[in-house]
Amino acid sequence: MLKLLVASCVVITILSMPPRPAFAQRQSNPAQDRDSIANGWRFDYAAAREEAVRVKKPMMVVMRCVP
Amino acid sequence: MRVRLAAIEPLNLKVFDFDYDLTFQVMFLSPDEKVYSRYGGRCEQGPDARQSLAGLRFTMESVLAEHRSRSPRFAPRETGKPFFIADIAPPRGLGRCIHCHQAKEVIYDRMDREGKWNLDMAFRYPPPDNLGFVLDVDRSNVVKDVDRGSPATDAGVQPGDQITVLNCVPVHSFGDAGFALDRAPKRGSITVSWFRGDREMSGKITLPDRWRRTDISWRPSLQGLVASPRVFGEDLTAQEREEHGLTATQLAFWQKSKVPSQAAKAGIRPGDLILGFDNQTLEMDAYRFLLYVRSKYVTGETVKVNLIRNGRRLNLPMTLE
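Note that this is a predicted model, so its numbers are computed, not measured.

*Asks:* Could you give an account of the domain arrangement of chain B, with specific residues and numbers?
*Replies:* Residue and element names in this part refer to chain B. Examined at the domain level, chain B breaks down into domain 1 (1–219) and domain 2 (227–319). Summarising the inter-unit geometry, the C-alpha centres of domain 1 and domain 2 are found 36 Å apart. Counting residues at the interface gives nine residues for domain 1, matched by seven residues for domain 2. Regarding the contact of domain 1 and domain 2, the summed buried area is about 610 Å², with carbon and sulfur atoms giving 54% of it. Of all residues in domain 1, Leu119, Arg213 and Ser217 bury the most surface against domain 2, accounting for 56% of the area lost on that side. If you look at where domain 1 meets domain 2, you find one salt bridge. For Arg213, the salt bridge goes to Glu301, with nearest N and O atoms at 2.6 Å. Across the side of domain 1 that touches domain 2, the residue classes tally to four nonpolar, two polar and three charged.

Set out below in structure tokens:
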């Protein structure tokens, strides 16, 4: 009975999680992301574009599909 | 301003219009989303065959020079209402998480459903190699080699020339050249401009028949179109070649006893002496013929299978499935 209760809770938890956008391809290494940000990389295109308009600089937008 | 993105859903595909069958792509944009350049691109030789860090740096410097110039040039771009991949329902099997390289599958699926798909769309972003010139990987818009007698030679392009514009698209990289050629017509000619030393020169490249044809077998979005000959067997011995008046190296093999349905529908039988397709004398063995067909044909095309049966030459039409 207890096992059934635990299993049900797990299933309900999984089903109630909201669908995530395509971050499946994103590096799953937060330390690397922190390093990237510290080195001036941005991950939000809209925000980067606003800043590019403000500082009048071109953008280099890198798209990678992590295999 | 450096931006790293791993999702295609939030991007306006009228701006981010590039060869989606990629593992790496860089778009150089002005703040108002005009496109300076595209860096990236690959071919059947592998994902790194057309790019290098030196090449990326070369393109970055070229783009910065363009940005700082008095009249910077930009690639042509579709304008109007933004277009997002979420505007199209994905085909079955693809969920809401869409990788960049799946964008084409989504777009082609919609075109197919609307009856707008045709085989020409399989040959997107043809490389400049198809017109006879190869760009240097490390100096991205400099010509490394030119094939003798090719349309590029006829236009006057030579090794060492720095391509500046191709088909009205400014060129800083292989990616730009591919984008320029993607927009080129099936036939006719396109203009090309280049620097030779400090001399600016230009010419016209005549587009030969089937010039867009490229090996598509590496493209994840087009796996369903990769054709197979469905004929195979033992290559002829030297004596058998002599008996049939064939050269020592031309394609010639005995169709084996099991005939796949595609070939059987065309009327091919076990023991037929297969010589190739479409009256071409091919210098290869039966195995390389498999690779040749993958690189030259797509499913849905009809070929003429050239063969000898009981001493008689036959040409049987076969549709590649």
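*Asks:* Please set out the environment of Tyr45(A) residue by residue, giving values where relevant.
*Replies:* Of note, Tyr45(A) is situated in helix 3 (residues 45–55). As for Tyr45(A) and Val55(A), which are separated by 10 residues in sequence, their C-alpha atoms are 15 Å apart. Apart from residues no more than four positions distant in its own chain, Tyr45(A) is found in contact with Met59(A), Val61(A), Val3(B), Leu5(B), Leu11(B), Phe16(B), Leu29(B) and Glu33(B). For Tyr45(A), the side chain forms a polar contact with the side chain of Glu33(B), separated by 2.5 Å.

*Asks:* Residue-level account of the packing of aromatic side chains, with values.
*Replies:* Residues and elements named next belong to chain B. This structure, assessed with the given rule, holds seven aromatic pairs over all chains. On the numbers, 4.8 Å between centres and 65° between planes, the contact of Phe18 with Tyr20 is edge-to-face. For the pair Phe18 and Tyr20, one class covers both residues: buried. Ring geometry for Phe253 against Phe289: centres 6.2 Å apart, planes inclined by 50°, an arrangement best described as tilted. One end of the pair, Phe253, is in strand 11 (residues 253–255); the other, Phe289, is in helix 7 (residues 286–296), with 36 residues separating them in the sequence. Exposure remark for Phe253: the relative accessible area of 0% places this residue in the buried category. Members of the aromatic cluster, joined through ring pairs, are Phe253, Phe277, Phe289, Tyr292 and Tyr297. The ring of Phe179 has Arg38 lying over it, and the distance from NZ or CZ to the ring centre is 3.6 Å.

*Asks:* Let's hear about the sheet that holds strand 13 (residues 302–309) of chain B: which residues, and what values?
*Replies:* Residues and elements named next belong to chain B. In space, the five strands of this open sheet follow the order 10-11-12-13-14, with antiparallel pairing throughout. The open sheet has two edge strands, strand 10 (233–235) and strand 14 (312–319), and neither has a second partner. On average, each strand axis in the sheet is inclined to that of its neighbour by 35°, with strand direction left out of account. Of the strand pairs in this sheet, strand 10 and strand 11 are connected by three bridges, and their pairing is antiparallel. Within strand 11, the position partnered with Glu234 by the bridge is Trp254. Helix-sheet contacts for helix 7 involve strand 10, strand 11 and strand 12 (273–277), and the interaxial angle to strand 12 is about 30°.

*Asks:* If you had to explain the nonpolar core to someone new, which residues and values would you point to?
*Replies:* Grouped together as the largest cluster of nonpolar side chains are 61 residues, with contacts concentrated most on Val61(A), Phe16(B), Leu29(B), Phe133(B), Ile163(B) and Leu166(B). The element best represented in this core is helix 2 (residues 103–113) of chain B, accounting for five residues. Ignoring anything within four residues of it in the chain, the contact list for Leu166(B) reads Phe133(B), Val171(B), Ala177(B), Ala180(B), Leu181(B), Ile190(B), Thr191(B), Val192(B) and Ile205(B). Membership of the second largest hydrophobic core comes to 24 residues, among which are Ala286(B), Tyr297(B), Val303(B) and Met318(B).

*Asks:* How would you sum up the confidence of the model for chain B? Please name residues and give values.
*Replies:* Of all residues in chain B, 96% have pLDDT values of 70 or greater, and the mean over the chain is 91. Here the complex is predicted with pTM 0.78, and the ipTM for its interfaces comes to 0.78.

Rules behind the numbers
- Residues numbered from 1 in each chain as written.
- Chains lettered and ligands numbered in written order.
- Predicted model: local features only at pLDDT ≥ 70, side-chain atom pairs only at ≥ 80, totals over all residues.
- Heavy atoms only, no water.
- Domains from an automatic or database assignment.
- Contact = heavy atoms within 4.5 Å.
- Buried area = accessible area lost by both parts, 1.4 Å probe.
- Salt bridge = Lys/Arg side-chain N within 4 Å of Asp/Glu carboxyl O.
- Nonpolar A, V, L, I, M, F, W, Y, C, P; charged D, E, K, R; others polar.
- Helix = DSSP H or I, 4+ residues; strand = E, 2+ residues; numbered from the N terminus.
- Polar contact = N/O pair within 3.5 Å; in protein donor to acceptor, adjacent residues only side chain to side chain.
- Phe/Tyr/Trp six-rings, centres within 6.5 Å; stacked < 30°, edge-to-face > 60°.
- Buried < 20%, exposed > 50% of the residue type's maximum accessible area, 1.4 Å probe, protein only.
- Lys NZ or Arg CZ within 6 Å of the ring centre and 35° of its normal.
- Pairing = 2+ DSSP bridges.
- Axes fitted to C-alpha atoms, helices over the stretch in contact; angles between N-to-C directions.
- Core = buried A, V, L, I, M, F, W, Y, C linked by side-chain atoms within 4.5 Å.
- pLDDT = per-residue confidence, 0-100.

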